[in-house]
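Structure at a glance
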Amino acid sequence: QEQLVQSGPEVKNPGASVKVSCKASGYSFTKYYIHWVRQAPGQGLEWMGIINPRGGSPNFAQKFQDRVTVTRDTSTGTVHMDMRSLTFEDTAIYYCARSHGDLDGFDIWGQGTVLTVSS
Amino acid sequence: QSVLTQPPSASGTPGQTVTISCSGRSSNIGSYYVKWYQHVPGTAPKLLTYRNNPRPSGVPDRFSESKSGTSASLAISGLQSEDEADYYCAVWDDRLNGWVFGGGTKLTVL
């Protein structure tokens, strides 16, 4: 079964960092791009960025470029997203999703990781 | 404010056809295929549309899309209670060098 399984919920203080992981299974990890999408409470979906598991630089939306680092581990089929300097506005559900090409639809999504930033 | 404009809400009765619009510009909808997603809160979004790709598995042919210029639409025919969800359009944007989502449309089946 092709799926993406994400790491569990996180609670962080403002200013802290968080790592969210996304593990692919049931398909060839390097054949699909991985996107990160988030949804803040009461808000819509927001695309954050994309990484090519075959390599190359990730492409993240400008608002995240200074705070987000994405790495991939081809041995485990896992993509990790590190986000620094968290603020209350980062409270959201974070999803990873795959696409075959960088302009293709996101056909499989992870279950989502709830991040709560609270003091 | 989203780059893509969707109506915040839509509604219909069972069996009706409902259309959801998505308005953009030349750098996004005018140049690329729009994708539509169904999102039931608490679950993962689901890819609905198939233009330039095979229809996603499990998506009934009651869902269809169209595009004209810098606008796109999702039509849902034979509306069913299980179609009640939030619907999002998404497309690549050359100016932003990234994907953009519409603000979402909440569909209510009366």
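Residues numbered from 1 in each chain as written. Chains lettered and ligands numbered in written order. Predicted model: local features only at pLDDT ≥ 70, side-chain atom pairs only at ≥ 80, totals over all residues. Heavy atoms only, no water.

**Comments concerning the pairing of strand E4 (residues 33-39) of chain A**
Residue and element names in this part refer to chain A. Condition: In this scheme, a residue with accessible area under 20% of its type's maximum is buried, one over 50% is exposed, and one in between is partly exposed, where area comes from a 1.4 Å probe on protein chains only. Under the DSSP-based scheme used, a helix requires at least four consecutive residues in state H or I and a strand at least two consecutive residues in state E, with every element numbered from the N terminus. When DSSP finds two or more bridges between a pair of strands, those strands are recorded as paired.
With respect to burial, E4 is a largely interior element, 7 of its 7 residues being buried. Summarising the sheet, E4 and strand E9 (residues 92-99) pair through 7 bridges and their orientation is antiparallel. Counted as the bridge partner of Tyr-33 is Ser-99 from E9. Where E4 lies against strand E5 (residues 45-51), 6 bridges are found, and the strand directions are antiparallel. Of the residues in E5, the one forming a bridge with Gln-39 is Leu-45. A loop of 5 residues connects E4 with E5, the two strands running antiparallel in sequence, and Gly-42 in this loop sits at a positive phi of about 75°.

**Focus on the pattern of salt bridges**
Quick note on the threshold: Each reported salt bridge corresponds to a side-chain nitrogen of Lys or Arg within 4 Å of a carboxyl oxygen of Asp or Glu.
Taken as a whole, this structure holds 8 salt bridges over all chains when the rule is applied. A salt bridge links Asp90(A) to Arg38(A); its shortest N-O distance comes to 2.9 Å. With Asp90(A) in the loop between strand E8 (78-83) and E9 and Arg38(A) in strand E4, this pair connects stretches of sequence that are 52 residues apart. As far as burial versus exposure is concerned, Asp90(A) and Arg38(A) are alike and both buried. Two residues, Asp83(B) and Arg62(B), come together in a salt bridge whose shortest N-O distance is 2.8 Å. Of this pair, Asp83(B) sits in the loop between strand E6 (71-76) and strand E7 (85-93) while Arg62(B) sits in the loop between strand E4 (46-47) and strand E5 (63-68), and the two are 21 residues apart along the sequence. Each member of the pair Asp83(B) and Arg62(B) is classed as buried.

**Some details on the state of the cysteines**
Keep this limit in mind: Working definition: a disulfide is two cysteine sulfur atoms within 2.5 Å of each other.
For the coordinates displayed, the defined rule picks out 2 disulfides over all chains. In this model Cys22(A) forms its disulfide with Cys96(A); the gap between the sulfur atoms is 2.0 Å. Where Cys22(A) bonds to Cys96(A) through sulfur, the torsion about that S-S bond is close to 80°, and the disulfide is right-handed. Separated by 74 residues along the polypeptide, Cys22(A) in strand E3 (residues 18-25) and Cys96(A) in strand E9 bring together distant segments of the chain. By the burial criterion, Cys22(A) is buried, and Cys96(A) matches it. There is a disulfide in this structure between Cys22(B) and Cys89(B), and the S-S distance comes to 2.1 Å. Taking the sign of the S-S torsion, 75° for the link of Cys22(B) and Cys89(B), the bridge is right-handed. Linking Cys22(B) in strand E2 (residues 18-23) with Cys89(B) in strand E7, this pair joins segments that are 67 residues apart in sequence.

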